Amino acid sequence: MHVTTSPVDWYAARAAGIAAYLLLTTVVCLGLTMAGRKRLERWPRFALEDVHRFGGLLVGSFIVIHVVTIATDAYLPFSLAAIIVPFVASYRPLFTALGIVAAELLLALAVTNHYRARLPYHYWRRAHYLNFGVWTGATVHGLGSGTDRSTPWLLALFAAAVAAVLAATASRFRRGGVLAGGIAVAGVALVVLLAVGPLRFTPRPWNAQAFDGVLTGHVLQDAGSTRALVSAAATADGKQRALIRADLLIEPHKLDATSFQLEFLPSGMLCNGHVTRVQSFGFDATCRAQDGTRRIVHARWSVSPDSSFTGSLSVHA
Amino acid sequence: MARSRERRLAAARRRATFAKAVLAAGGACAFLAAAALAKVTYPGHHKRHSRSLSAPKRFVEVVRQNQLQAGILAPAEAPPGVTSAPS
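Model, not experiment: these values are computed from the prediction.

So, about the packing of helix H1 (residues 7-35) of chain A against helix H1 (residues 2-41) of chain B. Contact geometry of H1 of chain A with H1 of chain B gives a least axis separation of 8 Å together with a crossing angle of 140°. Between H1 of chain A and H1 of chain B, the interaxial angle falls into the category oblique. The handedness of the crossing between H1 of chain A and H1 of chain B is right-handed. In this structure, H1 of chain A contributes Tyr11, Ala12, Arg14, Ala15, Ala16, Ile18, Ala19, Leu22, Leu23 and Thr26 of chain A to the contact, and H1 of chain B contributes Leu23, Gly27, Ala30, Phe31, Ala34, Ala35, Ala38, Lys39 and Thr41 of chain B. When its residues are assigned to classes, the contact of H1 of chain A with H1 of chain B shows 14 nonpolar, 3 polar and 2 charged.

What follows is about the state of the cysteines. Enumeration over the complete set of coordinates arrives at 1 disulfide over all chains. The disulfide partner of Cys271 of chain A is Cys287 of chain A, and the gap between their sulfur atoms is 2.0 Å. Every disulfide takes its handedness from the sign of the S-S torsion; for Cys271 of chain A and Cys287 of chain A that torsion is 95°, giving right-handed. Here Cys287 of chain A lies in strand S6 (residues 282-289) and Cys271 of chain A lies in strand S5 (residues 270-279), a separation of 16 residues in the sequence. Not engaged in a disulfide, the cysteine Cys29 of chain A finds its nearest cysteine sulfur in Cys29 of chain B; these two sulfurs lie 19 Å apart.

Right, let's talk about helix H6 (residues 131-145) of chain A for a bit. All names here are of chain A. For H6, built from 15 residues, the straight-helix expectation of 21 Å at 1.5 Å per residue is met to within 8% by its first-to-last C-alpha distance of 21 Å. Turning to H6, its buried residues are Asn131, Val134, Trp135, Gly137, Ala138, Thr139, Gly142, Leu143, Gly144 and Ser145. For H6, the elements touching its buried residues are H1, helix H4 (93-114), helix H5 (121-128), helix H7 (152-172) and helix H8 (178-196).

What follows is about the nonpolar core. Counting residues in hydrophobic clusters, the biggest one holds 46 residues, and the most contacted among them are Tyr21, Leu24, Phe62 and Trp135 of chain A together with Phe31 of chain B. Secondary structure elements with two or more residues in this core: H1, helix H2 (45-72), H4, H6 and H7 of chain A together with H1 of chain B. Broken down by element, the residue count for this core peaks at 14 residues, all from H1 of chain A. The residues contacting Trp135 of chain A, other than those within four sequence positions of it, are Tyr21, Leu24, Thr25, Val28, Ala161, Val162 and Val165 of chain A. In this structure, Leu248, Leu262, Phe283 and Val297 of chain A belong to the second largest nonpolar core, which totals 26 residues.

Thresholds, definitions, all that
- Residues numbered from 1 in each chain as written.
- Chains lettered and ligands numbered in written order.
- Predicted model: local features only at pLDDT ≥ 70, side-chain atom pairs only at ≥ 80, totals over all residues.
- Heavy atoms only, no water.
- Axes fitted to C-alpha atoms, helices over the stretch in contact; angles between N-to-C directions.
- Helix = DSSP H or I, 4+ residues; strand = E, 2+ residues; numbered from the N terminus.
- Parallel < 35°, antiparallel > 145°, perpendicular 65-115°, else oblique.
- Left-handed = near helix turned anticlockwise from the far one by under 90°.
- Contact = heavy atoms within 4.5 Å.
- Nonpolar A, V, L, I, M, F, W, Y, C, P; charged D, E, K, R; others polar.
- Disulfide = S-S within 2.5 Å.
- Expected span 1.5 Å × (residues − 1).
- Buried < 20%, exposed > 50% of the residue type's maximum accessible area, 1.4 Å probe, protein only.
- Core = buried A, V, L, I, M, F, W, Y, C linked by side-chain atoms within 4.5 Å.

Right, here's the structure in full:
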């Protein structure tokens with residue numbers, strides 16, 4: 001199933017999930033409007049039902065894109081079973097399971113809609129109420145497992161969606177006006193509380209401007225008669241992972257030239273520059289990254305007898 | 001009376017078709033906007049295996065030349081020619 005490593009696939013997976021959720025919210029609100037006793041002069045029931053049904057198909061289409069793009073991305077750890085069976089996925093099992101259950105419940109409800117004419121009305125109507133479960137599952141799935149769930153723009157979308165559905169539900173049960181507004185505000189507050197509380201998520205930085213890390217590496221020497229190359233190569237672990245390498249071209253009693261390289265992981269962005277100060281067990285360096293930004297680097301370590309070393313790395317702009 | 005009802009139904013159908021087009025366009029716009037925001041927020045994952053960084057070519061060449069001149073390193077020799085035995 002893992003057939004592509006294109007980042008476009010990953011953007012499509014995330015975007016399709018968000019688009020499906022927004023459309024689902026729209027369809028749920030439309031359904032609540034239809035279910036009310038209030039009749040709209042310019043919108044007879046058959047026209048609203050037509051739009052409602054079409055919206056449901058659009059939601060299904062975006063969910064298919066969401067699932068297929070996740071399944072085909074070689075980076076993501078989802079097997080076919082992990083996408084279909086709840087709690088098989090290793091990535092945030094509860095929140096992933098909620099998404100799977102919501103999608104499968106939506107599929108089951110689409111089947112009941114298809115056979116609506118053959119089903120007793122009360123049976124279909126009760127089953128149709130499960131769409132609230134689908135929407136709730138999708139909301140918690142997005143808040144709990146979405147890659148972008150810590151971003152203000154996505155939190156704003158979730159807050160607006162929750163407010164809209166709660167207000168429409170209050171209006172449906174003829175509790176409009178101030179109460180509907182109050183319930184909507186409570187929904188927004190709930191989303192914010194969840195986002196800053198139990199569902200708080202701090203993603204790893206991407207090509208961080210400043211970070212600290214633990215260095216693990218080794219010192220290499222390649223000597224000629226009058227020239228020598230002394231190098232330090234290491235990996236930095238921490239919030240921002242990185243590879244570093246400092247090379248010193250040495251003449252007797254003189255530093256001929258220096259080079260410094262830093263590779264940000266996982267982006268692969270390189271920062272090339274030179275060593276500005278050499279110490280017995282460390283160095284300072286400066287480099288310019290491929291995006292044009294500059295970094296100043298301080299590395300300090302203690303060496304083992306086998307030339308390997310461990311120490312610390314500090315990077316700032 | 002019947003004609004008026006038909007006119008109202010036709011207008012409702014047109015409105016429903018327009019609403020469906022708006023919904024589809026809205027979904028597509030939401031998809032594109034979310035993809036753009038996703039790219040800005042968290043651009044992507046590593047698309048190649050990381051490999052050790054290597055020394056600059058110029059540095060390696062300078063030391064190699066120095067080693068050659070000092071006789072520390074012997075220049076590469078061509079392998080002996082291969083001849084077939086006369087039958």
